[in-house]
Each structure stands twice: as structure tokens, then as C-alpha cells.
Amino acid sequence: SKPGIRCLRARFSALSHNDVTRALARLVDPNPHESAAVDMRQELDLRFGSAFTRFNTLLLQRSGVAARLLGADADGKGNIVS
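Here the structure is a predicted model, which is why all the values come from computation and not from measurement.

1. Concerning the overall build of the chain
Part 1 of the argument: Check the secondary structure of the chain and you find three helices and two strands.
Part 2 of the argument: Ordered by position from N to C terminus, the α and β elements of the chain give α-α-α-β-β.
Part 3 of the argument: Counting the 82 residues in the chain, one finds 6% classified as buried.
Part 4 of the argument: Once local pairs closer than 6 in sequence are excluded, the contacts in the chain between residues at least 24 apart make up 3%.

2. So, the pattern of salt bridges
Part 1 of the argument: According to the stated counting rule, one finds five salt bridges in the structure shown.
Part 2 of the argument: R6 is the partner of D29 in a salt bridge, and the nearest nitrogen-oxygen pair spans 3.1 Å. With D29 in the loop between α1 (17-25) and α2 (32-63) and R6 in the segment before α1, the pair connects residues that are 23 residues apart, well separated along the chain.
Part 3 of the argument: Here D29 falls in the partly exposed class, since its relative accessible area comes to 49%.
Part 4 of the argument: On the accessibility criterion, R6 (64% relative accessible area) is exposed.
Part 5 of the argument: If you follow the salt bridges from partner to partner, you end up with R9, R11 and E34 in one network.

3. A closer look at a nonpolar patch on the surface
Part 1 of the argument: Nonpolar side chains collect at one region of the surface, where L8, L24 and L27 lie side by side and expose about 260 Å² of accessible area between them.
Part 2 of the argument: The residue L24 is located in helix α1 in this model.

4. Observations concerning α2
Note on helix geometry: an α-helix contains 3.6 residues per turn, so any two residues three or four positions apart are oriented the same way.
Part 1 of the argument: Between its terminal C-alpha atoms α2 stretches 47 Å, which fits the 46 Å expected from 32 residues at 1.5 Å a residue.
Part 2 of the argument: Of the residues flanking the start of α2, the one acting as N-cap is N31, its side-chain oxygen 2.8 Å from the backbone nitrogen of H33.
Part 3 of the argument: Downstream of α2 by a residue or two, G64 has a phi angle that is positive, lying close to 85°.

5. Some thoughts on the confidence of the model for the chain
Part 1 of the argument: A residue-level look at the chain finds 80% of positions with pLDDT of 70 or above and a mean pLDDT of 84.
Part 2 of the argument: Of all secondary-structure elements in the chain, the lowest mean pLDDT belongs to strand β2 (residues 80-81), at 52, while α1 reaches the highest, 95.

6. Quick notes on the environment of V28
Part 1 of the argument: Relative to the helices and strands, V28 is located in the loop between α1 and α2.
Part 2 of the argument: Since its relative accessible area comes to 29%, V28 is described here as partly exposed.
Part 3 of the argument: Distance in space between the C-alpha atoms of V28 and R9 is 5.2 Å, their sequence separation being 19 residues.
Part 4 of the argument: Ignoring sequence-local partners within four residues, the contact set of V28 consists of L8, R9 and R11.

7. Here we look at the environment of R6
Part 1 of the argument: For the pair R6 and D29, spaced 23 residues apart in the sequence, the C-alpha separation amounts to 8.7 Å.
Part 2 of the argument: Side-chain polar atoms of R6 contact the side chain of D29, separated by 3.1 Å.

Definitions and limits used
- Residues numbered from 1 in each chain as written.
- Predicted model: local features only at pLDDT ≥ 70, side-chain atom pairs only at ≥ 80, totals over all residues.
- Heavy atoms only, no water.
- Helix = DSSP H or I, 4+ residues; strand = E, 2+ residues; numbered from the N terminus.
- Buried < 20%, exposed > 50% of the residue type's maximum accessible area, 1.4 Å probe, protein only.
- Contact = heavy atoms within 4.5 Å.
- Salt bridge = Lys/Arg side-chain N within 4 Å of Asp/Glu carboxyl O.
- Patch = residues over 30% accessible without salt bridge, like charges linked within 9 Å, V, L, I, M, F, W, Y side chains within 5 Å.
- Areas by Shrake-Rupley, 256 points an atom, 1.4 Å probe, with all protein chains shown as cover.
- Expected span 1.5 Å × (residues − 1).
- Polar contact = N/O pair within 3.5 Å; in protein donor to acceptor, adjacent residues only side chain to side chain.
- pLDDT = per-residue confidence, 0-100.

Below is the structure:
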């Protein structure tokens, strides 16, 4: 953050006009613990998403489904030969 600039947070859980207006009227200082928790959730989401995508890719390759879906030739082991 830049020195001399105060950062405040609007806390709301819905995007209704009333909730956002109320949140903007009651700005609070950011909580570093909440910020760290958000960073951790984002990191976990990226890691689990990557692992899930890799798992599905390997599963489809081994079953030969990926080759049929992509219209590619398979080598008999479920690997796509290009």
C-alpha cells in the first residue's frame, strides 16, 4: 500500500442495493487474517483444480475416450498419437 492512503473495506454478502449501500456506510479497516485466509483458499482452489484436471486428463487418455473425442489415432494404450 502507498503511504498516506487509507484503505477501507466494505463488508457485504449479497449484491442487493440495500446490502451494498449499508456496507458503504459502514466501512472498516481490512483484517490481515481474513486477507491471509482468502489467499490460502485461492491457492488451495488452484492446486485442487490443477490436480483434478490432471486426474481427468490421465483417466480419459488411459480409457481411450480422449482419442475418440479428439478424433486422433490411439496407440492401443489410450495414448494419443499425433
